[in-house]
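An overview of the molecular structure
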Amino acid sequence: MLHFGPSCLKRHVQQIAWASQFASRRSSWQRHSSTQAKPSKRKGPALAVAVLGTGIVAAYFLWPDTSRSAPTYSNAALSPSHFTPVTVTASEQCADPNTRLLTLILSPNLLPPLHGSIFAPVWSIFIKDDDIQVERPYTPLEGIDESGRMKLWIKRYPKGEVGRWLHSKSVGDTIEIRGPLKTWTWLDDTWDEVIMISGGTGITPFYQLLHTVLLAPSKEAQPLSSTPLSLTRFTLLHSSRVPGELPPPELLRPLIDHAETHPEQLRVSFFVDNKDGSSAQSIPNDNIRQGRIDKADIGLILGDRSAGLTWWQKLLRVSTSKPEPVAGRKILFLVCGPEPMIHAIAGPYGRNYSQGEVGGILGQLGCTSTQVWKL
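Overview of the structure. Throughout, residues of each chain are indexed from 1 in the direction in which the sequence is written. Restriction of local features to residues with pLDDT of at least 70 applies here, the model being predicted, together with a cutoff of 80 or more for giving and counting side-chain atom pairs; totals for whole chains, interfaces and linings are based on all residues. Only hydrogens and water are set aside; all other atoms, that is, all heavy atoms of the structure, feed into the side-chain values.

Comments concerning the pairing of strand β3 (residues 123–129)
With respect to burial, β3 is a largely interior element, 7 of its 7 residues being buried. Burial here depends on accessible area, computed with a 1.4 Å probe over protein chains only, as a share of the maximum for the residue type. Under 20% is buried, over 50% is exposed, and the range in between is partly exposed. Starting at the N terminus, helices and strands are each numbered in turn, a helix being any DSSP run of H or I of at least four residues and a strand any DSSP run of E of at least two. Across the two faces of β3 the burial is the same, with Trp123, Ile125, Ile127 and Asp129 and Ser124, Phe126 and Lys128 all buried. Relative to strand β6 (residues 174–182), β3 is paired through 5 bridges, and the arrangement is antiparallel. Residue pairing in the sheet places Phe126 in a bridge with Arg178 of β6. Two strands pair when backbone bridges link them, and β3 and strand β4 (residues 134–138) are joined in this way by 5 bridges, in the antiparallel orientation. The partner of Ile125 across the bridge, within β4, is Tyr138. If DSSP finds at least two bridges between two strands, the strands pair.

Some points on the sheet that holds strand β12 (residues 372–374)
Overall, parallel pairing links the 6 strands, which are arranged β10-β9-β8-β7-β11-β12 in an open sheet. Because the sheet does not close on itself, it has two edges, and the strands there are β10 (288–290) and β12. Taken over all neighbouring pairs, the strand axes of this sheet differ in orientation by 20 degrees on average, direction set aside. The contact criterion used is simple: two residues touch if any of their non-hydrogen atoms lie within 4.5 Å. A fitted line through C-alpha atoms serves as each axis, taken over the contacting stretch for helices, and the angle formed by two N-to-C directions is quoted from 0 to 180°. Running over the sheet, helix α9 (residues 339–346) touches β7 (193–199), β8 (233–240), β11 (331–336) and β12 and is turned about 155 degrees from β11.

As for the pairing of strand β2 (residues 99–105)
The side chains of a regular strand alternate between both faces of the sheet. In terms of residue burial, β2 counts as a mostly covered element, since 6 of its 7 residues are buried. Judged from the 6 bridges that link them, strand β1 (residues 84–93) and β2 form a sheet pairing that is antiparallel. Within the sheet, the bridge partner assigned to Gln93 lies in β2 and is Arg100. In this structure, the hairpin formed by β1 and β2 is closed by a connection of 5 residues. Sheet topology note: the β2/strand β5 (residues 149–155) ladder contains 7 bridges and is antiparallel. Bridging from a neighbouring strand, Leu101 pairs with Trp153 of β5.

Focus: the pattern of salt bridges
Think of a salt bridge as a Lys or Arg side-chain nitrogen and an Asp or Glu carboxyl oxygen that are within 4 Å of each other. Within this structure, the stated rule accounts for 9 salt bridges. Across the pair Asp145 and Arg149 runs a salt bridge whose closest N-O atoms are separated by 3.2 Å. Taking the shortest distance from any N to any O, the salt bridge between Asp273 and Arg292 comes out at 3.6 Å. One end of the pair, Asp273, is in the loop between β9 (266–272) and β10; the other, Arg292, is in the loop between β10 and α7 (295–302), and 19 residues separate them in sequence. Take Arg292: its relative accessible area is 65%, and that puts it in the exposed class.

A short note on the side chain of Lys374
Following the sequence through the fold, Lys374 ends up in strand β12. Charged residues are defined narrowly, with Lys and Arg counted positive, Asp and Glu counted negative, and His plus the chain ends left uncounted. Although buried, Lys374 forms no salt bridge, and the nearest oppositely charged side chain, Glu357, lies 8.5 Å from it. N or O atoms closer than or at 3.5 Å make up a polar contact, with two conditions inside protein: a donor-capable atom paired with an acceptor-capable one, and, for residues adjacent in sequence, both atoms drawn from side chains. In terms of polar contacts, Lys374 uses its side chain to reach the backbone carbonyl oxygen of Gln355, at 2.7 Å. Those residues within four positions of Lys374 in sequence are excluded, and the remaining contacts are Val335, Ile342, Ala346, Gly347, Pro348, Tyr349, Gln355, Gly356 and Glu357.

Description of the sheet that holds β2
Pairing is antiparallel across the open sheet formed by 6 strands, whose spatial order is β4-β3-β6-β1-β2-β5. What marks the edges here is a single partner per strand, and that holds for β4 and β5. Strand after strand, the sheet turns through a mean of 40 degrees between neighbouring axes, direction not considered.

Quick look at the nonpolar core
For this analysis, a nonpolar core means a set of buried residues of the types Ala, Val, Leu, Ile, Met, Phe, Trp, Tyr and Cys, connected via side-chain atoms within 4.5 Å. Formed by 28 residues in total, the largest nonpolar core has its most connected members in Val194, Met196, Leu209, Phe234, Leu255 and Leu334. For this core, the secondary structure elements donating two or more residues are β7, α5 (204–218), β8, α6 (249–261) and β11. With 7 residues, the single largest contributor to this core is α5. Among the domains, domain 1 (8–53 + 68–182) and domain 2 (193–374) are the pair contributing at least three residues each to this core. Ignoring anything within four residues of it in the chain, the contact list for Leu255 reads Ile203, Tyr207, Leu210, Leu215, Leu236, Leu266 and Val268. Val86, Val88, Leu106 and Ile154 belong to the second-largest nonpolar core, a separate cluster that totals 24 residues. All domain edges in this entry derive from an automatic or database-based domain assignment.

Quick notes on the environment of Thr183
Assignment of secondary structure puts Thr183 in the loop between β6 and β7. Along the backbone, Thr183 and Pro121 are 62 residues apart, and their C-alpha atoms lie at a distance of 7.9 Å. Residues contacting Thr183, with those up to four places away along its chain left out, are Val122, Trp123, Ser124, Trp373 and Leu375. A polar contact is formed between the side chain of Thr183 and the side chain of Ser124, at a distance of 3.5 Å.

As for unusual backbone geometry
Backbone torsion omega between Pro121 and Val122 reads 5 degrees, so that peptide bond is classified as cis. Tracing the backbone through its elements, the reader meets Val122 in the loop between β2 and β3. Here Gly179 and Pro180 are connected by a cis peptide whose omega angle stands at 0 degrees. Look at Gln133: it is not a glycine, yet its phi comes out positive at around 60 degrees. Structurally, Gln133 can be placed in the loop between β3 and β4. A positive phi angle, near 60 degrees, is found at Tyr353, a position not held by glycine. By secondary structure assignment, the location of Tyr353 is in the loop between α9 and α10 (360–364). Accessibility expressed as a relative area gives 56% for Tyr353, which makes it exposed.

And the structure:
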């Protein structure tokens, strides 16, 4: 793949401009001569369209962007500024045929120091599709270990070039990554409660956060970052389209087990749009709620015991207590998933995918911009 510097690109743009001017003048001479001779078909507009199309195509292929211009180094440590080769060591088909668990390994001598904030949650890597020179971000589920091993949950979408490309990779294949890149910075003991709402593969940054803060410290082998057990209480509300599309057991089982043994640290709830007869391998279907995550579900998590009551139960004053206003609490909502879900829960992104205003259900509940983060 050729790379063009600014000066070279400038010359190409000038050449395209000169070609366009020449074509315009030539068209004008042809029209002038045709009026003095005999009528003929006008070639100027067609030629101008052709030149314009050539310019657009040239600009697309010649204009440098982050993905195409970042070099690949085989002997340099992993960095956001360049791509580094890694090897596929496992590619496991999940119950959902459109998802796979992919394990990558980076040569240990190319691994940056694991201590410090560079690998603090939540971080991701960019993977480049060599065939079309496109990159997309993915979140390693358990971060990266001392052997350079990373595990990813990859979904194949109909129009997702990189996801479909990764599904075609086999054990032993080499792909190129760059990173780590910070997605969101976790600050321990800042919030009394963190409520994570995810859909589809949007659970991956939350799994990385929970693995680093809760799951890894609870094991006998302490994590690489020696992160202490957090005093924050976490709640995960995750939704999928049908039970068979819920995350695989490798993700769900550790979360469910920790929630059962440490309910003061973690609560988990799973939702599906409809029960189509498929089954989730780690969760009995009776424990999966049908329907989308709504205001009543979030209200119950916040302590509003009237949120899930019917109108006649409220009329009879079955519920007696109301939680304190959300705006006055040290509570944080993290939302990650398909854009329609993010719109409904927290309101749309702002311009250029900035956070924008808090809207949706969280806006109705009175959450402020400091209490909501859209990943």
